[in-house]
Amino acid sequence: MLRRWYDIERDMAVMNEMRRRLEGLFGDVEARPSTRLSGSWPRTNLFDAGKSLVAVLEVPGLNEDDIEVEVHHEALTISGTRRTDVPEGFKVHRHERRPGKFSRSFGLPCKVDLELTKATLKDGLLTVTLEKAAEEQPKKISVSAS
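A brief structural summary.

Next up on the list: the sheet that holds strand E3 (residues 67-71). Taken in spatial order, the three strands of this open sheet run E3-E4-E5, and their pairing is antiparallel. Only two strands of the sheet have a single partner each, and these edge strands are E3 and strand E5 (100-107). On average, each strand axis in the sheet is tilted by 10° relative to the strand beside it, whichever way the strands run. The pairing of strand E4 (residues 75-82) with E5 spans eight bridges and is classified as antiparallel. Opposite Ile 78, over in E5, you have Arg 104 as the bridge partner.

Moving on, we come to the environment of Glu 74. Structurally, Glu 74 can be placed in the loop between E3 and E4. According to the relative accessible area criterion, Glu 74 is partly exposed, its value standing at 37%. Residues Glu 74 and Pro 109, spaced 35 residues apart in sequence, show a C-alpha to C-alpha distance of 7.5 Å. In contact with Glu 74, other than residues within four places in its own chain, are Phe 106, Gly 107, Leu 108, Cys 110 and Lys 111.

To continue, consider the pairing of E4. Burial runs high along E4: six of the eight residues are buried. Where E3 meets E4, five bridges bridge the pair, whose relative direction is antiparallel. Of the residues in E4, the one forming a bridge with Val 69 is Ile 78. Once E3 ends, the chain turns through three residues before running back antiparallel as E4, passing His 73 with a positive phi of about 50°.

Attention now goes to a nonpolar patch on the surface. Together, Ile 8, Met 12 and Met 15 give the surface a local cluster of nonpolar side chains, amounting to about 290 Å² of exposed area. Inspection of the secondary structure puts Met 12 in helix H1 (residues 5-27). The exposure class of Met 12 is partly exposed, given its relative accessible area of 48%.

Moving on: the sheet that holds strand E2 (residues 52-58). Working definition: the strands of a sheet are paired by backbone hydrogen bonds and lie parallel or antiparallel to each other. Taken together, four strands build an open sheet; the order of strands is E1-E2-E7-E6 and the sheet is antiparallel. On the outer flanks of this sheet lie strand E1 (44-48) and strand E6 (118-122), each paired with one strand and no other. The average undirected angle you get between the axes of adjacent strands in this sheet is 15°. Here E1 runs beside E2; their pairing, made up of five bridges, is antiparallel. What sits directly across from Thr 44, in E2, is Leu 57.

About the criteria used
Residues numbered from 1 in each chain as written. Predicted model: local features only at pLDDT ≥ 70, side-chain atom pairs only at ≥ 80, totals over all residues. Heavy atoms only, no water. Pairing = 2+ DSSP bridges. Helix = DSSP H or I, 4+ residues; strand = E, 2+ residues; numbered from the N terminus. Axes fitted to C-alpha atoms, helices over the stretch in contact; angles between N-to-C directions. Buried < 20%, exposed > 50% of the residue type's maximum accessible area, 1.4 Å probe, protein only. Contact = heavy atoms within 4.5 Å. Patch = residues over 30% accessible without salt bridge, like charges linked within 9 Å, V, L, I, M, F, W, Y side chains within 5 Å. Areas by Shrake-Rupley, 256 points an atom, 1.4 Å probe, with all protein chains shown as cover. Salt bridge = Lys/Arg side-chain N within 4 Å of Asp/Glu carboxyl O.

Here's what the structure looks like:
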């Protein structure tokens with residue numbers, strides 16, 4: 001059965017209105033206040049540097065007191081709290097950097113030496129260097145002719 005063009009437009013307008021109402025209810029969850037941050041924050045890169053593993057995390061606005069680094073059973077866990085303090089005399093107009101607690105865990109591909117693990121924070125980047133355990137480090141094997 002053929003339908004008239006204005007019937008299709010009317011149906012689309014009804015569907016569009018329903019989509020807008022659903023987005024009003026559920027859509028912008030990221031913008032709602034929360035005490036728990038998304039599982040994908042902070043953004044992280046994990047590199048294998050031969051004798052060590054290096055994790056680089058983006059943590060703008062945090063200081064060393066806001067962050068905890070733990071290694072347990074071949075897993076690296078970064079956790080902490082992000083605060084957004086409003087300066088005195090100011091009102092919040094827009095709040096996109098939500099405060100809250102965060103935690104991310106990463107499985108490590110090998111055992112690491114906990115005594116040689118170190119973490120540094122500079123310019124909003126947290127760099128965690130995890131030295132591989134002696135048995136996990138690459139070894140150069142000499143070749144002899146027979």
